[in-house]
Amino acid sequence: MSALAPIAAIATAPGRGGIGVVRVSGPDLVPLMRELFGRALAPRHAHYLPFTAEGGEVLDQGIALYFKGPHSYTGEDVLELQGHGGPAVLRRLLARCLQAGHAAGIRLAEPGEFTRRAFLNDRMDLAQAEAVADLIDASSEAAARGAMASLSGDFSRRVQDLAERIVHLRMLVEATLDFPEEEIDFLEKYQARPTLAALAADLHALIAQARQGVILREGLHVVLAGQPNVGKSSLLNALAGDEVAIVTPIAGTTRDKVVQEIHIDGVPLHIVDTAGLRETEDTVESIGIARTWKEIERADVILHLQDVTRPGDQLDAAITGRLPARTPVLVVYNKADLLGGSAFETPEGALAISAREGLGLDKLRAELLRLAGWNPGAESPWLARERHLHALQAAADHLALAGEHAEMDDRVLDLFAEELRLAHDSLGSITGKFTSDDLLGEIFSSFCIGK
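Residues numbered from 1 in each chain as written. Predicted model: local features only at pLDDT ≥ 70, side-chain atom pairs only at ≥ 80, totals over all residues. Heavy atoms only, no water.

> Explain the environment of F416 here, please?
Counting through the fold element by element, F416 comes out in helix α14 (residues 413–431). C-alpha of F416 to C-alpha of R170: the two residues are 246 residues apart in sequence and 9.0 Å apart in space. (Helix = DSSP H or I, 4+ residues; strand = E, 2+ residues; numbered from the N terminus.)

> Whenever I open this one, the sheet that holds strand β1 (residues 7–10) confuses me. Can you help?
Neighbouring strands of a sheet are bound in pairs by backbone hydrogen bonds; such pairs are parallel or else antiparallel. Across the sheet, six strands lie side by side as β3-β4-β5-β2-β1-β6; this open sheet has mixed pairing. Every other strand in the sheet has two partners, leaving β3 (46–52) and β6 (107–108) as the edge strands with one partner each. Pairing geometry for β3 and strand β4 (residues 58–67), over seven bridges, is antiparallel. What sits directly across from P50, in β4, is Q61. Docked against the sheet, helix α1 (residues 30–37) engages β2 (17–26), β3, β4 and β5 (77–85), running at close to 30 degrees with respect to β5. Along the sheet, helix α2 (residues 87–100) makes contact with β1, β2, β3, β4, β5 and β6, crossing β2 at roughly 15 degrees. (Pairing = 2+ DSSP bridges. Contact = heavy atoms within 4.5 Å. Axes fitted to C-alpha atoms, helices over the stretch in contact; angles between N-to-C directions.)

> Is there a simple way to think about the environment of A366 in this case?
If you trace the backbone, A366 turns up in helix α12 (residues 361–372). C-alpha of A366 to C-alpha of I264: the two residues are 102 residues apart in sequence and 8.4 Å apart in space.

> Where do I start with unusual backbone geometry in this structure?
Excluding glycine, residues mostly have negative phi values, and the peptide bonds linking residues are mostly trans. Residue P70 follows G69 across a cis peptide bond; omega there is 5 degrees. Among the structural elements, P70 can be located in the loop between β4 and β5. The phi dihedral of N229 falls on the positive side, at around 65 degrees, and the residue is not glycine. Mapping N229 onto the fold places it in the loop between β7 (220–225) and α9 (232–240).

> Would you explain the UniProt feature "binding site: Mg(2+)" (unreviewed entry) in the protein in this entry?
Annotation from UniProt places "binding site: Mg(2+)" (unreviewed entry) at S233 and T254. You can call S233 buried: its relative accessible area is 10%. (UniProt positions renumbered as here; feature names shortened; annotations may be inferred. Buried < 20%, exposed > 50% of the residue type's maximum accessible area, 1.4 Å probe, protein only.)

> I'm lost on the nonpolar core in this one. Help?
A general trend in soluble globular proteins is that nonpolar side chains are found buried together. F155, L203, L392, L399, F416, L420 and L427 are the most contacted members of the largest nonpolar core, which totals 33 residues. Broken down by secondary-structure element, the contributors of at least two residues to this core are α6 (154–178), α8 (192–218), α13 (386–406) and α14. Per-element tally for this core: the top contributor is α8, with eight residues. Not counting chain neighbours up to four residues away, the residues in contact with L420 comprise I166, L169, R170, V173, L196, L399 and A402. Grouped together as the second largest cluster of nonpolar side chains are 31 residues, L220, I271, L305 and I353 included. (Core = buried A, V, L, I, M, F, W, Y, C linked by side-chain atoms within 4.5 Å.)

> Any chance you could explain the packing of helix α4 (residues 126–137) against helix α5 (residues 141–151) here in plain terms?
Think of two packed helices as two axes; the pair is described by the angle between the axes and how far apart they sit. Viewed as axis vectors pointing N to C, α4 and α5 meet at an angle of 160 degrees, and their least axial separation amounts to 8 Å. Between α4 and α5, the angle is such that the two are roughly antiparallel. Where α4 crosses over α5, the two elements pack in a sense that is left-handed. Only A144, A147, M148, S150 and L151 of α5 make contact with α4, whose side of the interface consists of Q128, A131, V132, D134 and L135. For the contact of α4 with α5, the per-class residue count stands at seven nonpolar, two polar and one charged. (Parallel < 35°, antiparallel > 145°, perpendicular 65-115°, else oblique. Left-handed = near helix turned anticlockwise from the far one by under 90°. Nonpolar A, V, L, I, M, F, W, Y, C, P; charged D, E, K, R; others polar.)

> Hey, could you run me through the confidence of the model for the protein in this one?
Interpretation of the predicted coordinates at a detailed level should be avoided for regions scoring low in pLDDT. Scored by pLDDT, the protein comes out at a mean of 83, with 85% of its residues at no less than 70. Looking over the protein, one finds the lowest element-wise mean pLDDT in helix α15 (residues 436–446), namely 35, and the highest in β4, namely 96. This model gives residues 245–255 a pLDDT under 50, and the stretch forms 30 contacts once residues within four places in sequence are excluded. In the predicted structure, residues 435–451 sits below a pLDDT of 50 and forms 14 contacts with residues beyond four places in sequence or in another chain. (pLDDT = per-residue confidence, 0-100.)

> Where do I start with the pairing of β4 in this structure?
Count of turn residues in the β3/β4 antiparallel hairpin: five residues, of which G56 carries a positive phi of about 105 degrees. As defined by bridge partners, β4 adjoins β5 across five bridges and the pair is classed as antiparallel. Within the sheet, the bridge partner assigned to L65 lies in β5 and is E80.

As structure tokens, this is what we get:
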């Protein structure tokens, strides 16, 4: 089937609702509209009319909207049928669209295909396309604002600005390499070193913001670990503000993990309550403990919960010895309310709290954000993904290597140019817009080759 075949899908979430939408996109939807309504619809006008089956049976009554390409979401003709949101009604409307467009090769859309067509038709770049999914999945107001900032192009413009500055420097290098007889002292004449330093500084600032965006999008995987009855489930409930985990004085109550997402200053944290760690003959509890260790291996941060009334416990020391060295560990002494006013000096870097009374939880939340790398005073970020961060870091690495070559002389301009090219390619992978033809066009439009 041709990539330009019209596609159709139900655009609203599954289930019952007041309104449901069936969306169609394709290169020319006028024949489809004539088949559905007996006439073409005026673009960007709301038409209230019956949606009928092939034999004339009225399937629903609703609003039809036609957007003529390229002035549409996908850049193609788009038709939206807005009817009542019952699953059966929407399925019938979708089936009718597929039947009416059969001659044109209409088919069901694949996941994300409307947005993919918008990208391929230059209605948005790749980072903006990803922001569409992030906006839909946003679980906090801060994440929604960040996704909207990405969708509006804030992130892409920053990336594109850096890419254009690298292209300008590359053009100068390529021109020098093409005409070596001119004996131009490139690095000095075009101030390549300070230009490169400014690029690197701006790129590192962008990386710092991208890290904030990744945290805001993906959150932090926090595992509560410790021996039985130290208050892991109580702490989960206190952080969640709800009774999401069963709390009893019986050791080994938690047999399997309990996961709860919470938000601190808009940052999502995935808190995992786990089975208490100890030696046991209970088969079921042993399975839960094995799963706890697997969960600990996946953690971004480990909260090692201990009983403040039993400091220096040998089992806690054994647990500490098994925790992965690569993962940040925050030691938290719980049940501070049982001290009855007695002083307890927490070791450096540890916290004393009472999950039952809520004591010290604000400090705990702040420390979790610090461990996540979140900077609440930083500029509000757009959402970013790990692939964006990797691409930005790769670009920074190539600029650093270019700087090393610049510290030599013009005899290594070809290596200098190659690192600039690789840095540009890395940035181009974020928006999906860079090709070698783009660079060729930039060079020919800016230089007279015959001069």
